[in-house]
Amino acid sequence: MIPYLDHHATTPLDPQVLEAMMPYFTTAFGNAASINHAYGRAAAEAVETARGQVAALVGVEPRCVVFTSGATEANNLAIKGVMRAAPAGSHIITTAAEHRAVLDPAKRLKRAGCEVTVLPVDVHGVVDVGRIAEALTPRTVLVSVMAANNEVGSLSPLNEIGRVCRNRGVLFHTDAAQALGRVPLDLSSMPIDLLSGSAHKLYGPKGIGCLIVRRGEPRIRIEPLFDGGGHEQHLRSGTLPVPLIVGFGCACDIATRERDAETVRLRELRDRLWTGLTSRVGGLLLNGHPTERLAGNLNFSVEGVDGEALMTSLTEIAVSSGSACTTADPEPSHVLRAMGRSDRLTRASLRLGIGRFNTQEEVDFAGSYVAAQIERLRGMNHPGHSK
Ligand SMILES: Cc1ncc(COP(=O)(O)O)c(C=O)c1O
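Rules behind the numbers
Residues numbered from 1 in each chain as written. Predicted model: local features only at pLDDT ≥ 70, side-chain atom pairs only at ≥ 80, totals over all residues. Heavy atoms only, no water. Phe/Tyr/Trp six-rings, centres within 6.5 Å; stacked < 30°, edge-to-face > 60°. Helix = DSSP H or I, 4+ residues; strand = E, 2+ residues; numbered from the N terminus. Buried < 20%, exposed > 50% of the residue type's maximum accessible area, 1.4 Å probe, protein only. Near = heavy atom within 4 Å. Polar contact = N/O pair within 3.5 Å; in protein donor to acceptor, adjacent residues only side chain to side chain. Areas by Shrake-Rupley, 256 points an atom, 1.4 Å probe, with all protein chains shown as cover. Nonpolar A, V, L, I, M, F, W, Y, C, P; charged D, E, K, R; others polar. Contact = heavy atoms within 4.5 Å. Salt bridge = Lys/Arg side-chain N within 4 Å of Asp/Glu carboxyl O.

Considerations on the packing of aromatic side chains
Here's step 1: A full pass over the atoms with the stated rule returns five aromatic pairs.
Here's step 2: Ring plane angle 10° and centroid distance 5.4 Å describe the contact between Phe365 and Tyr369, whose orientation is recorded as stacked. One end of the pair, Phe365, and the other, Tyr369, are both in helix H11 (residues 360-381), four residues apart, so they sit about a helical turn from each other.
Here's step 3: Overall, the relative accessible area of 33% leaves Phe365 in the partly exposed class.

Side note on the site of the ligand
Here's step 1: Neighbouring the ligand are 13 residues; Thr72, Asp175, Gln178, Ser198 and Lys201 lie closest to it.
Here's step 2: In the environment of the ligand, an oxygen atom lies 2.5 Å from a nitrogen or oxygen atom belonging to the side chain of Thr72.
Here's step 3: Within the contact set of the ligand, an oxygen atom lies 2.7 Å away from a side-chain nitrogen or oxygen of Gln178.
Here's step 4: For the ligand, the protein covers 84% of the area, taking 390 Å² as the surface of the free molecule.
Here's step 5: Looking at the shell around the ligand, the element that brings in the most residues is helix H3 (residues 71-85), giving three residues.
Here's step 6: Among the residues forming the shell around the ligand, the class breakdown is three nonpolar, eight polar and two charged.

Considerations on the environment of Thr315
Here's step 1: Turning to its location among the elements, Thr315 is positioned in the loop between helix H8 (307-313) and strand S10 (320-321).
Here's step 2: Residues Thr315 and Ile2, 313 residues apart in the sequence, show an inter-C-alpha distance of 8.4 Å.
Here's step 3: With near-sequence residues (within four places) excluded, Thr315 lies in contact with Ile2 and Tyr369.

Considering the pattern of salt bridges
Here's step 1: Taken as a whole, this structure holds 18 salt bridges when the rule is applied.
Here's step 2: With a closest N to O distance of 3.2 Å, Arg351 and Asp6 form a salt bridge. On the criterion of sequence distance, the pair formed by Arg351 in strand S13 (residues 349-353) and Asp6 in the segment before helix H1 (15-25) is long-range, its members being 345 residues apart. As far as the burial class goes, Arg351 and Asp6 line up, both buried.

Listed below in structure tokens is the structure:
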């Protein structure tokens, strides 16, 4: 198998997580709502243990955890849920570097009559806190700013943003899909009201995530996205996917124990990769904040090569490009564009995401391999000038 360096897209399941999940696919198959018998009670207990593990990772009480199908749903629940429970014409503020799972719900709300402000970001992809403060109006109900950017890894100043919101009585939501388990998020001390997370970004299974909802006064009013059996304190109806929840809990538990050491290791590998690349070829421009960024993230633009040619040349490693390559006509990344990169450089950008199971050998291989491909492509553009 080729080295996997795309850990922002998804992470492999940790073997410990798979082991924890297995019984809930087989013998312990009960419905967590059927607590009148032993099967159901075993499932319900497993769900509550997992809820505690997720809660512990972010320093909240277990009742703050609402299980969803992932961060997309959690973002939709936070944004549409809060705005639909608020008076008509209420105002939401977000940023141009958010994931589509935030920007698209905001767009839909705009069509439904909400006022939406999408703030620009700086060259590192980070929003200026002062601009948030300026954009607040008496009708602002919610501010949504991601914790860590999924493309360039930049970290947002969550405490500062949260403080501005608290002072003005506005709710603060953060999409922490990339940050959960990767950077410290202690909501017992951070002014965050709502936080979205996703298990498959932290070595858990796909199809499960959570919205963390601050409890206490003033109460956060959220309109559920769909109606049904009233599960998850009436915020997310639907039979709980017990094996996935158990896996999510286990993944959070591992992250609680290993996050700090893992961060150090990933940062070393990431820096080694960057040094390996820049010592071999010139014309690489780092994207994202130079220091305030995810440890495993490396995103850069390559001068003097065609983006599509670069991507198609990289067959020996699994990485991601600066384009959303899910469509036949790849769109340049809206994040890199918002940071001011030209379309050409945006297309000629690579995102490498280093993760838990990557080795130094894989990283060294990636460095020399990517550098060699860049040189080769530049040589093709300028025959005789391959150096
Ligand atoms: C920042 C961010 N938000 C939301 C999502 C969507 O998460 P999920 O796949 O759990 O729906 C992702 C995943 O790509 C992400 O990186």
